[in-house]
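Fold and contact review
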Amino acid sequence: HWICPEVPLAPAARLSRDSPRRAVPPGRSRARSRGAAGAALLPSMLMFGVILASSGLLLMIERGILAQVGPPPLHPPAGPSRRDGRDSPAELELEVLRDTRNRTIRALCGQRSMPRSVWELPPGQRRTVLRHLLVSDKYRFLYCYVPKVACSNWKRILKVLDGALESVDVQGKMDHKSDLVFLGDMKPEEISYRLKHYYKFIFVRNPMERLLSAYRNKFGEIKEYQQKYGVEIVRRYRKNGGNSAGDDVSFSEFLQYLLDEDVERMNEHWMPIYNLCQPCAVRYDFIGSYERLRADANHVLEHIQSPSFVRFPERQAWYKPVTAETLHYYLCNTQRRLIRELLPKYILDFSLFAYPLPNITSEFCRQ
């Protein structure tokens, strides 16, 4: 058994090309069943994947099982590989997790009622994914950008590869629209060709960590978001909050806002990754992890055969990453009811990308 008191990291996973892919949006439904407490922990990572792929996900949230169960250590230690031809335990665990992720995606996306391509998605969902797929015709790849998962740096790389930017180290505010090619701006036959023949990749992140990063950045630093969203959130959820400038939104108020918001209408910075990139309708060849960003980014750059001078940018000096301790602090100071009710909206991000649900037990938070 693997019992993880902290949020573990997730690796990249290469998806098998012959896996059926279909999509269905996570709804606004909340878990209704109430299970008995004290269920036994899962015996293996494969069982972890089987349970995630089953219809018992929301029941497990209520029972608190998944908050106690995490995947094994994911990343092999740095250094030379073994010379005796045998995989190390860490390498084997990594392969188990990749297999678990692929099995889960096949199980959840392979149901008969789900769309098999972007053309079978409802128009709104199709527009969302197509406007998040960036195109490089020169290097024949599609990248689905996810806000708060290093997408600004990937956009810099695309601009450098296209010749629109001299270097990834060029300073200045990132223009997220100009000098970028979006798949949604192309004709249907052009879209279909690229989806079929181009290398497709995505980078993912722990869902709760991503939400906290968006909250701290947008409501702590960006006036536009404070005025557009913050003022309304405070007015809606705080008594006598009419005088707020939107720069004092609490994390609990933000989560309550997400709970009440229609997933399809969410801002892209907190819309679930599933809805942004539709990993069932789009057959991604590679899923990279924010937790091992540099190694996975180098893997992609090597695969697309980018010039040797193109490298993934260094982290900006001003950037303040969300640490595990920071995430635990915010979660443990938020009503458990609120987190439990919000999880179903992001359950596909947790399950498909093999992230464990947050541990918000009283025992853990007391530590």
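The paragraphs below set out a description of the structure included in this document.

What counts and what doesn't
- Residue indices begin from 1 for each chain and proceed along its sequence in written order.
- Selection of residues for local features in this predicted model requires a pLDDT of at least 70, selection of side-chain atom pairs for listing and counting requires 80 or more, and totals for whole chains, interfaces and linings are taken over all residues.
- Where side-chain values are given, they derive from all heavy atoms of the structure, hydrogens and water being excluded.
- What counts as a disulfide here is a pair of cysteine sulfur atoms lying within 2.5 Å.
- Helical segments are the DSSP runs of H or I of at least four residues, strand segments are the runs of E of at least two, and each set is numbered from the N terminus.
- Exposure categories follow from relative accessible area, calculated using a 1.4 Å probe and restricted to protein chains: below 20% of the type maximum is buried, above 50% is exposed, and the middle band is partly exposed.
- Each reported salt bridge corresponds to a side-chain nitrogen of Lys or Arg within 4 Å of a carboxyl oxygen of Asp or Glu.
- Definition of nonpolar core: a set of buried residues of the types Ala, Val, Leu, Ile, Met, Phe, Trp, Tyr and Cys, connected through side-chain atoms within 4.5 Å.
- Any two residues whose heavy atoms approach within 4.5 Å are treated as being in contact.
- Axis lines are fitted to C-alpha atoms, over the contacting stretch for helices. Their N-to-C directions set the angle, which ranges from 0 to 180 degrees.
- The scheme is simple: roughly parallel for angles under 35 degrees, roughly antiparallel for over 145, roughly perpendicular for 65 to 115, oblique for anything else.
- Residues are grouped as follows: nonpolar covers Ala, Val, Leu, Ile, Met, Phe, Trp, Tyr, Cys and Pro; charged covers Asp, Glu, Lys and Arg; every other residue, Gly included, is treated as polar.
- Think of a polar contact as two N or O atoms within 3.5 Å of one another; within protein, one of them needs to be a possible hydrogen donor and the other a possible acceptor, and neighboring residues in sequence only count if both atoms come from side chains.
- In this description, the arc belongs to the directions extending from the helix axis to the C-beta atoms.
- Two rings from Phe, Tyr or Trp (for Trp, the six-membered ring) form a pair when their centres are within 6.5 Å of each other. A pair whose planes differ by under 30 degrees is stacked, one over 60 is edge-to-face, and the rest are tilted.
- In this analysis the charged atom, NZ for Lys or CZ for Arg, is taken to sit over a ring once it is within 6 Å of the ring centre and within 35 degrees of the ring normal.

Side note on the state of the cysteines
By the definition in use, this model includes three disulfides. Through a disulfide, C109 is tied to C280; the S-S separation comes to 1.8 Å. The disulfide joining C109 to C280 has a torsion of about -60° about its S-S bond and is therefore left-handed. Pair noted here: C109 is in helix α3 (residues 89–109) and C280 is in the loop between α10 (273–277) and β5 (286–289), with a separation of 171 residues, a long-range link. Its relative accessible area of 0% is what places C109 among the buried residues. Paired through a disulfide, C144 and C277 show a sulfur-sulfur distance of 1.9 Å. A torsion of -90° about the S-S bond marks the disulfide between C144 and C277 as left-handed. Highlighted residues: C144 in strand β3 (residues 141–144) and C277 in helix α10, separated in sequence by 133 residues. No difference in accessibility class separates C144 from C277, as the two residues are buried. Taking only the cysteines that form disulfides and numbering them from first to last, the chain has the pattern 1-4, 2-3, 5-6.

Focus: the pattern of salt bridges
Tallied over the entire structure, the rule returns 13 salt bridges. The salt bridge involving D296 is made with R292; its shortest N-O contact spans 2.8 Å. Between R294 and E314 there is a salt bridge; the shortest N-O distance is 3.7 Å. Taken together, the residues R294 in helix α11 (residues 293–303) and E314 in the loop between α11 and α12 (324–332) connect sequence positions 20 residues apart.

Side note on the nonpolar core
Counting 93 residues, the largest nonpolar core has L133, W154, L258 and W270 as its most contacted members. Among all residues touching W154, those that are not within four sequence positions of it are Y143, F201, F203, A297, V300, L301 and F312.

Observations regarding the packing of helix α8 (residues 223–237) against helix α9 (residues 251–260)
The axes of two packed helices give the description: the angle between them and the distance between them. Here α8 crosses α9 at 90°, and the two axes come no closer than 10 Å. Overall, the two elements α8 and α9 adopt an arrangement that is roughly perpendicular. On α9, the residues touching Y229, I233, V234, R236 and Y237 of α8 are E253, F254, Q256, Y257 and D260. The class makeup of the residues in the contact of α8 with α9 is six nonpolar, one polar and three charged.

Quick look at the side chain of R205
Its place among the elements puts R205 in the loop between β4 (199–204) and α7 (207–220). A polar contact is formed between the side chain of R205 and the backbone oxygen of K148, at a distance of 2.6 Å. Among the polar contacts listed, one links the side chain of R205 to the side chain of E209, at a separation of 2.9 Å. Not counting residues up to four positions away in its chain, the partners in contact with R205 are K148, V149, R210, S213, I273, Y290, E291, Y319, V322 and Y355.

Details of the packing of α7 against α12
The geometry of α7 relative to α12 is characterised by a closest axis approach of 10 Å and an angle of 85° between their N-to-C directions. In terms of orientation, α7 lies roughly perpendicular with respect to α12. Facing α7, whose interface residues are M208, E209, L212, Y215 and R216, α12 presents T326, L327, Y330 and L331. Each residue belonging to the contact of α7 with α12 can be placed in one class, and the counts come to six nonpolar, one polar and two charged.

Quick word on helix α6 (residues 188–197)
Regarding α6, the residues found buried are I191, R194 and L195. Buried residues along α6 cover an arc of 100° about the axis, so they all sit on one side. For α6, exposure combined with an orientation more than 90 degrees from the buried face picks out E189 and K196. Here the buried face of α6 lies against α4 (123–130), β2 (133–136), β3 and β4.

Details of the packing of aromatic side chains
By the definition in use, this model includes 23 aromatic pairs. With centroids separated by 5.1 Å and ring planes inclined at 55°, the aromatic side chains of W154 and F201 adopt a geometry described as tilted. Note that W154 is positioned in helix α5 (residues 151–162) and F201 in strand β4, a separation of 47 residues in sequence. Relative accessible area serves as the criterion here: at 1%, W154 is assigned to the buried category. By relative accessible area, F201 is classed as buried at 0%. On the numbers, 5.4 Å between centres and 45° between planes, the contact of W154 with F203 is tilted. Taken together, the positions of W154 in helix α5 and F203 in strand β4 put the pair 49 residues apart, joining distant regions of the chain. An aromatic cluster of three or more residues is present, and its members are Y215, F219, Y225, Y229, F251, F254, Y257, W270, Y329 and Y330. Against the face of Y290 rests R205, its NZ or CZ located 3.9 Å from the ring centre.

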